[in-house]
Amino acid sequence: MITSHTMEISPNVPTAFSNPVQVIKNPADISSFRLGDVVQALVLEKLSSKEVLLAVKESEIAAQSALPLNVGDRLLLQVAKTHPMIVLKLIIPDDSETLEFRNNLVLFRSFPEGLFNVVKNGLEIFQGNIQPVYQFLNQADIDAFLKILNTLIYSEKSLTSPLFLKEFIMNIGYLMEKNLKKSLDRTHEKGNDLKKGVDKNIKSILARLSCQLHQIMDNATDSDLDPMLLKSLKSLSDYTADSLKMIYNQQVVNVFSQEEQQGYYFQLPIKFADNLRMVDLFIRLNNANKKKTGMVKQFQFVLFFNMDPLGDLIVDVRYLNKQIWGLFKCDRSESRDFLSDFIETLNERLILSGYGPNSFNIQLSRDLSRERSDYLKDTVIYSKKIVNCFA
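From a predicted model like this one, the values you see are computed outputs, not experimental measurements.

A.B. asks: Would you mind going over the overall build of the chain in detail, with residue names and values included?
C.D. replies: Helices and strands together make up the secondary structure of the chain, namely eleven helices and twelve strands. Looking at the chain as a whole, 42% of its 391 residues are labelled buried. Considering only contacts within the chain whose residues lie at least 6 apart along the sequence, 60% involve residues at least 24 apart. Surface summary for the chain: the accessible area is close to 22000 Å², and the carbon and sulfur share equals 52%.

In structure tokens, the structure reads:
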């Protein structure tokens, strides 16, 4: 017999996810929940952004939690309180490596636009009124940071750059540790050459700025610095620390996705008119023949984005042996008409370049946000296979 109750889940995870949650109502019969008991729970349904329906001990229990839970997540919980209300706390493994990895997955799901905000917030801060702060920092680092930050934005200028994605990956610092290892392995390299290979990216510059700012803030307690200047220093220090965390977080997520043979995930900032938008890009590669030929002969990429004139769009493209299959989904009939003309021109150019025969289709869909959500749930970084990051 399935019964329904309501209780609180109190996450035993990092502070960012530990906000207290008020219980709606205690279950009528709490005898099966004894203090210290460890129980397993399965998320059956999301009732709201902070409310879920759990299956616990053959009962359905409505619970509130600040955790970014999805349907299918499995939780390992411990009864922390039974009076005046039931409180369940998450049990996290003691293994530090596992804990760090799981916390990164929680962070990724809690801040789905984390990397996009590194670019957006960086432009807002450095193009704002913080010139007085520059006296404390390396001007060359600031100039390089702004220059590289702008290269991460896909714009009309990027249309002539076929290597934009490769440069994006290098410029943001995803390959910094890999390049550092390569440099260290080349024992004949001089120190200057070693530095040159690893310090020209967003991640390395942020690390240096963060170190400088921490030193300044540590010595600023009893200083005569203007309060407004201190506030700007604190804001910039918080930005550098948060941005480093988000870049590392994206690296961890991509490592796991590759291990599960589900390819790569990138958040690309794209400039439409004067607005900056985020594009979700998923790439799956079939590398079976790469070692023999040096080339990837099969891949798929899926894009989710929004353009003001066209609305929400989903682009799903598959490539195999110089043939291309493309599916374009939009939510407006006028967008479908525009895409029809665009695809016809695109196909003609592909055929002239030696690609084909190709197949392109356009579908009109009224709920692309739901389709995006469904797609994300099927990827390993969101799926129930791994979000036992809570259990």
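A.B. asks: Any chance you could break down helix H4 (residues 164-172) for me, citing the residues and the numbers?
C.D. replies: Every buried residue belonging to H4 is among Phe164, Phe168, Ile169 and Ile172, and all of these are buried. Along the long axis of H4, the arc covered by the buried residues comes to 135°, so they all point the same way. Close packing links the buried residues of H4 with helix H2 (114-126), helix H3 (139-151), helix H7 (202-218), helix H8 (227-259) and strand S7 (264-272). After H4 finishes, the residue Gly173 shows a positive phi value of roughly 105°.

A.B. asks: Go over unusual backbone geometry with me, naming the residues and quoting the values.
C.D. replies: In this chain, Gly356 is followed by Pro357 through a cis amide linkage whose omega measures 0°. For Asn321, which is not a glycine, the phi torsion comes out positive at approximately 50°. One can find Asn321 in the loop between strand S10 (311-320) and strand S11 (323-330). In this structure, Lys322 takes a positive phi of about 65° despite not being glycine.

A.B. asks: Give a description of the environment of Ile148 that names residues and reports values.
C.D. replies: Inspection of the secondary structure assignment puts Ile148 in helix H3. Along the primary structure Ile148 and Ile205 are separated by 57 residues, whereas in three dimensions their C-alpha atoms are 10.0 Å apart. Filtering out sequence-adjacent residues up to four positions away, Ile148 remains in contact with Asn171, Lys200, Asn201, Ile202 and Ile205.

A.B. asks: Outline the pattern of salt bridges, supporting the account with residue identities and numerical values.
C.D. replies: Tallied over the entire structure, the rule returns seven salt bridges. A salt bridge links Lys120 to Glu124; the shortest N-O distance between them is 3.2 Å. With a gap of four residues between them, Lys120 and Glu124 both fall in helix H2, about one helical turn apart. With its nearest N and O atoms 3.5 Å apart, the salt bridge here joins Arg370 to Asp367. Look at Arg370 and you get partly exposed, because its relative accessible area is 45%. Judged by relative accessible area, which is 32%, Asp367 ranks as partly exposed.

A.B. asks: Mind laying out the packing of aromatic side chains, listing which residues take part and the relevant values?
C.D. replies: Tallying each qualifying case throughout the model produces 15 aromatic pairs. Between Phe145 and Tyr239 the ring centres are 6.4 Å apart and the planes differ by 85°, which places this aromatic pair in the edge-to-face class. Of the two residues, Phe145 sits in helix H3 while Tyr239 sits in helix H8, which places them 94 residues apart along the sequence. Using a relative accessible area of 0% as the deciding quantity, one classes Phe145 as buried. By way of ring pairs, the aromatic residues Tyr265, Phe282, Phe304 and Tyr375 are connected into one cluster. Stacked on the ring of Tyr355, the Lys or Arg Lys322 has its end atom at 5.3 Å from the ring centre.

A.B. asks: How would you explain helix H10 (residues 333-352) if you had to name every residue and give the values?
C.D. replies: Helical periodicity: at 3.6 residues per turn, an α-helix aligns residues three or four positions apart in one direction. Its 20 residues give H10 an end-to-end C-alpha distance of 29 Å, which sits within 8% of 28 Å, the value for a rise of 1.5 Å per residue. Of the surrounding elements, those touching the buried residues of H10 are S10, S11 and strand S12 (359-364). The positive-phi residue at the C-terminal boundary of H10 is Gly354, with phi of around 95°.

A.B. asks: Please set out the sheet that holds S12 residue by residue, giving values where relevant.
C.D. replies: Spatially, the six strands line up as an open sheet ordered S7-S8-S9-S10-S11-S12, and their pairing is mixed. This sheet does not close on itself; its edge strands, each paired only once, are S7 and S12. Geometrically, the sheet is characterised by an average inter-axis angle of 15° between neighbouring strands, direction not taken into account. Summarising the sheet, strand S8 (residues 275-286) and strand S9 (residues 298-307) pair through seven bridges and their orientation is antiparallel. Its bridge partner being in S9, Leu285 is matched across the sheet by Phe299.

A.B. asks: Could you give an account of the packing of H3 against H7, with specific residues and numbers?
C.D. replies: Closest axis-to-axis distance for the H3/H7 pair is 10 Å, and the angle between their directions is 145°. In this structure, H3 meets H7 at a crossing whose hand is left-handed. Residues Asp141, Ala144, Phe145, Ile148 and Leu149 of H3 form the contact with H7, whose own contacting residues are Ile202, Ile205, Leu206, Arg208, Leu209 and Gln212. Considering only residue class, the contact of H3 with H7 consists of eight nonpolar, one polar and two charged.

A.B. asks: Outline the nonpolar core, supporting the account with residue identities and numerical values.
C.D. replies: Counting residues in hydrophobic clusters, the biggest one holds 57 residues, and the most contacted among them are Phe126, Phe168 and Ile202. Here the element with the most residues in this core is H8; it accounts for seven residues. Not counting residues within four places of it along the chain, the set of residues in contact with Phe126 comprises Tyr134, Ile142, Phe145, Leu146, Leu209, Leu236 and Tyr239. The next biggest cluster of nonpolar side chains, apart from the first, holds 17 residues, and it includes Phe33, Ala41, Val43 and Val56.

A.B. asks: Which residues make up the pairing of S11, and what values go with them?
C.D. replies: Bridge count between S10 and S11: eight bridges; the pairing is antiparallel. The partner of Val317 across the bridge, within S11, is Gly326. A loop of two residues connects S10 with S11, the two strands running antiparallel in sequence, and Asn321 in this loop sits at a positive phi of about 50°. In terms of handedness, the path from S11 via H10 over to S12 forms a crossover that is right-handed.

Rules used throughout
- Residues numbered from 1 in each chain as written.
- Predicted model: local features only at pLDDT ≥ 70, side-chain atom pairs only at ≥ 80, totals over all residues.
- Heavy atoms only, no water.
- Helix = DSSP H or I, 4+ residues; strand = E, 2+ residues; numbered from the N terminus.
- Buried < 20%, exposed > 50% of the residue type's maximum accessible area, 1.4 Å probe, protein only.
- Contact = heavy atoms within 4.5 Å.
- Areas by Shrake-Rupley, 256 points an atom, 1.4 Å probe, with all protein chains shown as cover.
- Arc of directions from axis to C-beta.
- Salt bridge = Lys/Arg side-chain N within 4 Å of Asp/Glu carboxyl O.
- Phe/Tyr/Trp six-rings, centres within 6.5 Å; stacked < 30°, edge-to-face > 60°.
- Lys NZ or Arg CZ within 6 Å of the ring centre and 35° of its normal.
- Expected span 1.5 Å × (residues − 1).
- Pairing = 2+ DSSP bridges.
- Axes fitted to C-alpha atoms, helices over the stretch in contact; angles between N-to-C directions.
- Left-handed = near helix turned anticlockwise from the far one by under 90°.
- Nonpolar A, V, L, I, M, F, W, Y, C, P; charged D, E, K, R; others polar.
- Core = buried A, V, L, I, M, F, W, Y, C linked by side-chain atoms within 4.5 Å.
- Right-handed = clockwise from strand over helix to strand, strands pointing away.

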